[in-house]
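Here is how the chains run, residue by residue.
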Amino acid sequence: MIDVIVVGGGPTGMMLAGELRLHGVDVLVLEKDAEPAGYVRSLGLHVRSIEVMDQRGLLERFLSHGKKYPVGGFFAAITTPPPERLDTAHGYVLGIPQPVTDRLLAERAAELGAEIRRGCEVTGLSQDEDGVTVEPAAGAGTRLRSRYVVGCDGGRSTVRRLLGVGFPGEPSRVETLLGEMEVTEAPEKVAAVVAEVRKTQLRFGVGPFGDDGVHRVVVPAEGVAEDRTVPPTLEEFKRRLRAVAGTDFGVHSPRWLSRFGDATRLAERYRSGRVLLAGDAAHVHPPTGGQGLNLGIQDAFNLGWKLAAEVGGWAPEGLLDSYHCERHPVAADVLDNTRAQMELMSTEPGARAVRRLVSQLAGFDEVNRYLIEKVTALGVRYDFGEGHELLGRRMRDIGLKRGRLYELLHGGRGLLLDGTGRLSAAGWEDRVDHVVDGSEELDVPAVLLRPDGHVVWAGEDQRELPGPLRRWFGAPAG
Ligand SMILES: Cc1cc2nc3c(=O)[nH]c(=O)nc-3n(C[C@H](O)[C@H](O)[C@H](O)COP(=O)(O)OP(=O)(O)OC[C@H]3O[C@@H](n4cnc5c(N)ncnc54)[C@H](O)[C@@H]3O)c2cc1C
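Description of the structure in this document. (Residues numbered from 1 in each chain as written. Predicted model: local features only at pLDDT ≥ 70, side-chain atom pairs only at ≥ 80, totals over all residues. Heavy atoms only, no water.)

## What about helix α1 (residues 11-22)?
Part 1 of the reasoning: The first and last C-alpha atoms of α1 sit 17 Å apart over 12 residues, in line with the 16 Å expected at 1.5 Å per residue.
Part 2 of the reasoning: In terms of burial, α1 is a largely internal element, 10 of the 12 residues being buried. (Helix = DSSP H or I, 4+ residues; strand = E, 2+ residues; numbered from the N terminus. Expected span 1.5 Å × (residues − 1). Buried < 20%, exposed > 50% of the residue type's maximum accessible area, 1.4 Å probe, protein only.)

See below:
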């Protein structure tokens, strides 16, 4: 029996497969498409995802394919400078097209030994006490058995539907056309028209994408399509461009054309027995602020080590359920901030007045930082109870006497970073590294970090340590 079948080989599924392989878990990824998607949805990684890549030794790969941009201006496209004192060593947005992110994560999963089966659509699923039976579509292989299944199969998730997990929220009210194509209009004219239209319509943009004359075009659709899987036509783009901007810029030779809506929905639960949901399969929302892919990667980062602990037989009680408890509220908050952003981008006079007010408020550094911490996920704090201000938060990278903190997390293990030299994690050495380092940048005596870098204890008293060690890493060996 396979340990874990991941359904869906998008960024969430591939991130998860890599995380599971770090811990030696057998992973099979089933992806319905024979080839990776060529169209570009996400344009980049936010601070927390950049940190996640750094915590796994993947950052160099991403940096070499991306471009750094200032972190300001991501909340409802309200222009703000980067806030002062953002608590990270990576205070930038990494511009990198989604197909590149998807490829880098797939390469990492494969390098670590995940089996990836493309052209294999999952159509059936049933579970019993011992495992899950997965049915591929006719002609896509034989029935499979695994101990666990994770549905990372996107917003229209088959896994979620087969589980009967509710997906409450709002349907799309507005739809936007998005595509890549060439334009015949002169660049200065395009830029001038775009600047004028964007004074009132923020769901609009025409701009060069890459160096080969191709432009990314975003324009509001006329209504909401009955079937969003049917791509729009070039004629539809031209019509909408003329209606919204007064010109179609002479668009021609499209590379790809698509449409997206603003449906906002959250799965009622992320776990049903041996089957879990992650990424867009668990939550959908408009792309304002560029958060969906980031959220999915961070779901996978939260779930990977917990599921590995369960498969490895050392998970303490409740560890796997903590995935829902921690990640469901984070997604609920992202859904809310995208709802707010959509209102702030509306062309209605009342909404525009609120936008002016929020823009003024964002001029205050505290407010600016609060909004940016939301969009970048730096503000995420899991509820681990009362205690030190770091408890539940991820820790920023700091310089150590030997190397950097994030380098110590590459293996995906727990870490007791001990500035006192008096502490011990004896009994948990197979799951938790103990590193003594009196770095001046460590502003607490010692911290215990989970494999995802979140702080589960801060202090200096050895008598306090066994509690959090047991809670997150199970019983001591021996
Ligand atoms: C226009 C647009 C712009 C966006 N911009 C950003 C951005 O700037 N930043 C950001 O963070 N996010 C952005 N997003 C959101 C981002 O694209 C998604 O959140 C992200 O792709 C979700 O990743 P996922 O792996 O969970 O799902 P998906 O990327 O949807 O991957 C799911 C995979 O599962 C496969 N699959 C589906 N059903 C089955 C099945 N039954 N069996 C097997 N395989 C199956 C699919 O083929 C697919 O490969 C944007 C989205 C849109 C539409």
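## As for the pattern of salt bridges
Part 1 of the reasoning: Under the criterion given, the structure shown has 40 salt bridges.
Part 2 of the reasoning: Across the salt bridge formed by aspartate 365 and arginine 369, the nearest N and O atoms sit 3.0 Å from each other. Note that aspartate 365 and arginine 369 are positioned in helix α11 (residues 365-376) at a spacing of four residues, about one turn of the helix.
Part 3 of the reasoning: The buried category is assigned to arginine 369, whose relative accessible area is 9%.
Part 4 of the reasoning: When salt bridges with common partners are traced through the structure, they connect Arg48, Glu51, Asp87, Arg394 and Arg396 into a single cluster. (Salt bridge = Lys/Arg side-chain N within 4 Å of Asp/Glu carboxyl O.)

## Re the sheet that holds strand β18 (residues 283-284)
Sheet strands pair by backbone hydrogen bonding; their relative direction is either parallel or antiparallel.
Part 1 of the reasoning: What the three strands build is an open sheet, ordered β10-β15-β18; its pairing is antiparallel. Strand pairing shows two members of the sheet lacking a second neighbour, β10 (169-170) and β18, which therefore form its edges.
Part 2 of the reasoning: Bridge count for strand β15 (residues 264-266) against β18 is two bridges, and the pairing is antiparallel. Note on β18: the bridge partner recorded for leucine 266 is histidine 283. (Pairing = 2+ DSSP bridges.)

## Some details on the site of the ligand
Part 1 of the reasoning: In the region of the ligand, 30 residues are neighbours, and Glu31, Arg41, Gln98, Asp280 and Asn294 sit closest.
Part 2 of the reasoning: Side-chain polar atom of glutamine 98 to an oxygen atom of the ligand: 2.8 Å apart, as the coordinates give it.
Part 3 of the reasoning: Contacts to the ligand include glycine 290, whose backbone N or O atom sits 3.1 Å from a nitrogen atom.
Part 4 of the reasoning: Of all the secondary structure elements, the ones that give two or more residues to the shell around the ligand are α1, β2 (27-31) and α8 (292-312).
Part 5 of the reasoning: When residues in the shell around the ligand are grouped by element, the largest group, three residues, is from α8.
Part 6 of the reasoning: Taken together, the residues of the shell around the ligand break down into 11 nonpolar, 12 polar and seven charged. (Near = heavy atom within 4 Å. Polar contact = N/O pair within 3.5 Å; in protein donor to acceptor, adjacent residues only side chain to side chain. Nonpolar A, V, L, I, M, F, W, Y, C, P; charged D, E, K, R; others polar.)

## Concerning the pairing of strand β9 (residues 144-151)
Part 1 of the reasoning: By the criterion of burial, β9 is predominantly enclosed, with six of the eight residues buried.
Part 2 of the reasoning: Here strand β1 (residues 2-7) pairs with β9 via five bridges, running parallel. Within the sheet, the bridge partner assigned to valine 7 lies in β9 and is glycine 151.
Part 3 of the reasoning: Across three bridges, strand β8 (residues 132-136) lies against β9 in antiparallel orientation. The partner of valine 132 across the bridge, within β9, is serine 146.

## Topic: the side chain of aspartate 299
Part 1 of the reasoning: Within the secondary structure, aspartate 299 sits in helix α8.
Part 2 of the reasoning: Judged by its relative accessible area of 0%, aspartate 299 is buried.
Part 3 of the reasoning: Of note is the side chain of aspartate 299, whose polar atom sits 2.9 Å from the side chain of arginine 327.
Part 4 of the reasoning: When residues no more than four places from it in sequence are discounted, the contact partners of aspartate 299 are Ala278, Gly279, His283, Tyr323 and Arg327. (Contact = heavy atoms within 4.5 Å.)

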